[in-house]
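Results of the structural survey
Next come the chains, spelled out residue by residue.
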Amino acid sequence: MAIELSPQSVDVNPASSFLEVRDLRVHFPTEDGLVKSVDGVSFSLEKGKTLGIVGESGSGKSVTSLSLLGLHKGSRARVSGEVWLDGEELVGMTEAQMRALRGQKVSMIFQDPLSALHPFFTVGSQIAEAYRVHHKASKKEAHERAVEMLKRVGIPQPERRAKDYPHQFSGGMRQRAMIAMSLVCDPELLIADEPTTALDVTVQAQILDLIRDLQEEFGSAVIIITHDLGVVAEISDDILVMYGGRRIEYGSVHDVLKAPEHPYTWGLLQSMPHLGGDVSQRLNPIPGSPPSLINLPSGCAFNPRCAFKDQVADGRCLSERPELLPVLDSDKHIAACHLTGDAKAEIRSASARGTK
Ligand SMILES: Nc1ncnc2c1ncn2[C@@H]1O[C@H](COP(=O)(O)OP(=O)(O)O)[C@@H](O)[C@H]1O
Ligand SMILES: [Mg+2]
């Protein structure tokens, strides 16, 4: 098996980064075969920093994040690899140990707030309860803390709105309430799984600003999962591009967006409105569809959709899986593509000329 070359795997101290994920695999046995939803994913993240995980729907982003919360425990999922959070390894933890961390040390904002908020309880009481799970606080203290959090996330008249039920909140307000609930215990790692997808553009921007402000205030590490590279460009320090449950490109946002190395990343960039540009601009979706996670195409999993595979000699894209290799002259940028550096630079500059 090819050894993935990454700056992280050279590092032998598991606790050297606040969060360090190594060779994470999450496989689901199904009647149709083994679904390899996450297959050898590694990354690291420091406190106060933000990692953006991007990829089309079905690329393994949510399954990755759920495993950081230990939410596959007790399911049929086969999880392997290591997840080090502040010196503790999570994959080997019991459900009880994980429960103690969840909410307190690591917390998640889900795509759909209604899945996280119970319809029968007031928003305030749910936030207060989330607080009391991890803190010895009276009901009154917890309620005060809930109101304070609602205020922090920009809910007007928080004292009154705390008594409302989730359905009395608008979509954007519910998302804020869920963020308040995720942050009530001041988690050191916050995972936001497509937190803005269902919201209109103005509310999206407000929610992203809010996450950024709160991160500054609390100094937490943030993972933001999205299929929108625009969101990542705006908010993240690092970017991990996933395809078919694997990493295909990883590096600082600066490096990856300045000189993306993988044709899939080029496709993602072309399928979004230009940064700061006209949102109504026509999008160019990547042709074809994401691969089956039971049988990935041989060679490079992206090859059936890649416009550049003929530029690689000997049909290697079809026969040989590209390793993740460091990109010249950058400290942690890695990509898995057989095209030569020169070929990629040529394609990038031709494409830049084309869009001018
Ligand atoms: N419990 C499960 N059993 C089988 N397959 C699953 C399970 N959960 C997720 N998957 C599959 O794993 C793949 C990745 O899913 P997911 O991480 O949700 O993708 P996304 O990148 O859109 O968040 C999908 O093909 C999904 O169908
Ligand atoms: Mg998802």
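Residues numbered from 1 in each chain as written. Chains lettered and ligands numbered in written order. Predicted model: local features only at pLDDT ≥ 70, side-chain atom pairs only at ≥ 80, totals over all residues. Heavy atoms only, no water.

A few points about the sheet that holds strand β7 (residues 189-193)
For sheets, the rule is that strands pair by backbone hydrogen bonds, running either parallel or antiparallel. Condition: A pair of strands is labelled paired if DSSP reports no fewer than 2 bridges between them. Only DSSP runs of H or I reaching four residues or more are called helices, and only runs of E reaching two or more are called strands; each is numbered from the N terminus.
Judged by pairing direction, the sheet is mixed, and its eight strands sit side by side in the order β6-β7-β8-β3-β9-β10-β12-β11 without closing on themselves. Pairing within the sheet leaves two strands with one partner each, and these edge strands are β6 (106-109) and β11 (325-326). For strand β3 (residues 50-54) and strand β9 (residues 238-243), the ladder comprises four bridges, and the chain directions are parallel. Bridging across to β9, V54 finds its partner in V241.

What to know about helix α6 (residues 139-152)
Going by this rule: Here the expected span of a helix is defined as 1.5 Å times the quantity of residues minus one. Only protein chains enter the accessibility calculation, which uses a 1.4 Å probe; a residue is then buried when its area is under 20% of its type maximum, exposed when over 50%, and partly exposed in between. We call two residues contacting when some pair of their heavy atoms lies within 4.5 Å.
Over its 14 residues, α6 extends 20 Å from the first C-alpha to the last, a length consistent with the 20 Å expected when each residue adds 1.5 Å. By the burial criterion, the buried members of α6 are A142, R145, A146, V147, M149 and L150. Looking at the packing, one finds that the buried side of α6 touches α5 (123-134), α7 (158-161) and α8 (171-183). Phi turns positive one or two residues past the end of α6, at G154, with a value near 85 degrees.

As for helix α12 (residues 263-270)
Of all eight residues in α12, six are buried, a share of seventy percent or more. Within the span of α12, buried status applies to P263, Y264, T265, W266, G267 and L268.

Here's the deal with the pattern of salt bridges
Put simply, the test is: Between Lys or Arg on one side and Asp or Glu on the other, a salt bridge is scored when a side-chain nitrogen of the former is within 4 Å of a carboxyl oxygen of the latter.
Applying the stated rule across the entire model yields 23 salt bridges. A salt bridge links D39 to R25; the shortest N-O distance between them is 3.2 Å. Here D39, found in strand β2 (residues 33-45), pairs with R25, found in strand β1 (residues 19-30); they are 14 residues apart in sequence, far enough to count as distant. No difference in accessibility class separates D39 from R25, as the two residues are buried. The salt bridge involving E56 is made with R305; its shortest N-O contact spans 2.9 Å. Here E56, found in the loop between β3 and α2 (61-68), pairs with R305, found in the loop between α12 and α13 (316-319); they are 249 residues apart in sequence, far enough to count as distant. With relative accessibility at 18%, the residue E56 sits in the buried group. One connected set of salt bridges, linked through shared partners, spans D23, R25, D39 and R246.

Describing the side chain of S67
Its place among the elements puts S67 in helix α2. Relative accessible area serves as the criterion here: at 7%, S67 is assigned to the buried category. Among residues more than four places away in sequence, those in contact with S67 are L24, V26 and H72.

Focus: the packing of α6 against α8
Stated precisely, the cut-off is as follows: Throughout, an axis means a line fitted to C-alpha atoms (over the contacting stretch in the case of helices), and angles, computed between N-to-C directions, take values from 0 to 180 degrees. Any angle from 65 to 115 degrees is called roughly perpendicular, while one under 35 is roughly parallel, one over 145 is roughly antiparallel, and all others are oblique. For a crossing to be left-handed, the near helix must be turned anticlockwise from the far one by less than a right angle; the clockwise case is right-handed. Residues are grouped as follows: Ala, Val, Leu, Ile, Met, Phe, Trp, Tyr, Cys and Pro are nonpolar; Asp, Glu, Lys and Arg are charged; every other residue, Gly included, is polar.
Where α6 contacts α8, the axes come no closer than 9 Å and their chain directions differ by 130 degrees. When the axis of α6 is compared with that of α8, the two are oblique. The crossing of α6 and α8 is right-handed. Every residue of α8 that contacts α6 at R145, M149 and L150 is listed here: A177, A180 and L183. Of the residues belonging to the contact of α6 with α8, the class tally is five nonpolar, no polar and one charged.

A word on the domain arrangement of the protein chain
How big an interface is tends to be expressed through the accessible area that disappears when the partners come together. The cut-off we apply is this: For every domain, the bounds stem from an assignment made automatically or drawn from a database. Buried area, as used here, totals the accessible surface that two parts lose on assembly, with accessibility defined by a 1.4 Å probe and the loss added over both. Side-chain atoms alone can form a polar contact between residues adjacent in sequence; in general such a contact is a pair of N or O atoms within 3.5 Å, and within protein one must be able to donate a hydrogen while the other accepts it.
Examined at the domain level, the protein chain breaks down into domain 1 (16-105 + 187-356) and domain 2 (117-186). Between domain 1 and domain 2, the C-alpha centre-to-centre distance is 31 Å. Summed over both partners, the interface of domain 1 with domain 2 buries about 1,400 Å², with 64% contributed by carbon and sulfur atoms. Our count for the contact surface shared by domain 1 and domain 2 stands at one salt bridge. One can count three residue pairs in polar contact (both at pLDDT 80 or more) joining domain 1 with domain 2. Mapped by element, the contributors of at least two residues to the side of domain 1 that touches domain 2 are α3 (95-101) and α9 (201-218).

Details of the sheet that holds strand β4 (residues 78-85)
Taken in spatial order, the four strands line up as β2-β1-β4-β5 in an open sheet, and their pairing is antiparallel. At either margin of the open sheet sits one strand with a lone partner, and together these are β2 and β5 (88-89). In this structure, β4 lies alongside β5, joined through two bridges in antiparallel fashion. Its bridge partner lying in β5, L85 is registered against E88. Sitting on the sheet, α2 is in contact with β1, β2 and β4, with an inclination near 115 degrees to β1.

Observations concerning unusual backbone geometry
Trans is the common state for peptide bonds, and a negative phi is the common state for residues other than glycine. Located in the positive-phi region is D23, a residue other than glycine, with phi close to 50 degrees. For D23, the location among the structural elements is in strand β1. The class for D23 is partly exposed, based on a relative accessible area of 33%. The backbone of D86 sits at a positive phi, close to 50 degrees, despite the residue not being glycine.

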